[in-house]
Amino acid sequence: GRWLAVSDGCKRPFIVLFAALLVLPINVAMKWLLIGWRVPGPFEESAWQVAADWVVDLHCKICCMMVMVPWKSWWRFWNAIFRLHGLDIDWQSQVGSPCNLLPSKIDLTSIKRTHASSANVQFETNCGEKRLRTELKNFNVGALTVAGPGVNLVNAAVPPTEFISHDMNGRETQRPHKCS
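Calculation notes
As a convention, each chain's residues are numbered from 1 in the sequence order in which they are written. For a predicted model such as this one, the threshold for reporting local features is a pLDDT of at least 70, and the threshold for listing and counting side-chain atom pairs is 80 or more; totals across whole chains, interfaces and linings nevertheless cover every residue. With hydrogens and water stripped out, all remaining heavy atoms of the structure feed into the side-chain values. Counting from the N terminus, the helices are DSSP H or I runs at least four residues long and the strands are E runs at least two residues long. Buried means the residue's accessible area, taken with a 1.4 Å probe over protein chains only, is under 20% of the maximum for its type, while exposed means over 50%, and partly exposed covers the values in between. Any pair of residues with heavy atoms lying within 4.5 Å of one another is described as a contacting pair. The Shrake-Rupley method, run with a 1.4 Å probe, gives the accessible areas here. Residue values count only the displayed protein chains as cover. Residues belong to a common nonpolar core when they are buried Ala, Val, Leu, Ile, Met, Phe, Trp, Tyr or Cys residues joined through side-chain atoms within 4.5 Å. Strand pairing follows a simple DSSP-based rule, namely that at least 2 bridges must link the two strands.

Colleague: Just to check I follow, could you spell out the overall build of the protein for this structure?
Modeller: Tallying secondary structure elements over the protein gives three helices and 13 strands in all. Buried residues in the protein amount to 42% of all 180 residues. Of the contacts formed within the protein by residues at least 6 apart in sequence, a portion of 40% connects residues at least 24 apart. Counting every atom, the protein has about 9800 Å² of accessible surface; 63% of that belongs to carbon and sulfur.

Colleague: Before we go on, may I ask you to explain the nonpolar core in this structure?
Modeller: Side chains of nonpolar character tend, in soluble globular proteins, to be buried together. Within the largest apolar cluster, 32 residues are counted, with the highest numbers of intra-cluster contacts made by Trp78, Phe82, Leu101, Ile111, Phe139 and Leu153. Listed by contribution, the elements that provide at least two residues to this core are α1 (2-35), α2 (47-71), α3 (75-85), β9 (134-141) and β11 (152-158). For this core, the element with the highest residue contribution is α2, accounting for six residues.

Colleague: Whenever I open this one, the environment of Ile35 confuses me. Can you help?
Modeller: Along the chain, the position of Ile35 falls in helix α1. A relative accessible area of 14% means that Ile35 is categorised as buried. Counting along the chain gives 16 residues from Ile35 to Ala51, while the straight-line C-alpha distance between them is 10.0 Å. Setting aside its immediate chain neighbours within four residues, Ile35 contacts Met30, Ala52, Asp53, Val56, Pro103 and Ser104.

Colleague: Whenever I open this one, the sheet that holds strand β7 (residues 126-127) confuses me. Can you help?
Modeller: Where strands meet in a sheet, backbone hydrogen bonds hold them as pairs that are either parallel or antiparallel. One open sheet holds the three strands; their spatial order is β1-β8-β7, and the pairing between them is antiparallel. Unpaired on one side and paired on the other, β1 (41-42) and β7 mark the two borders of the sheet. With two bridges connecting them, β1 and strand β8 (residues 130-131) associate as antiparallel partners. Opposite Gly41, over in β8, you have Arg131 as the bridge partner.

Here you go:
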């Protein structure tokens, strides 16, 4: 009896991890079935679209939270998962927390040779009734930073807690007062 109790206790974390690994492909399927591929340009947002975005994004966050603890540092694993969701990301880029990338916005974001901090970096894609593509190349993003819709960020670094509202290119953009 005692061996069974110890054994069951040791199995629980593996069951949770295994369940999370099973639901990640389900989330990819949900993204493509409920949301589909998003393209830049004008759009009309319906109640169905808002509900589908919310359901898929919440499901993804829950899955990521379950898998993130043991696999947070496996950024290539997360790059592969988010490539399946439609994110244009290379293998060298690191997004600190996978929970920051929402499937409803992911296919309007391009990340190349970029490092995003692990603390709640957000990428916005909607500007009024228009969807815009956000691109990051050779870029470092600080904690609690929000990249606004349609910005192109190249060869620079942004300190924590900034809202980036315009394109940035080069080293002169590294000062906080130039970011927003």
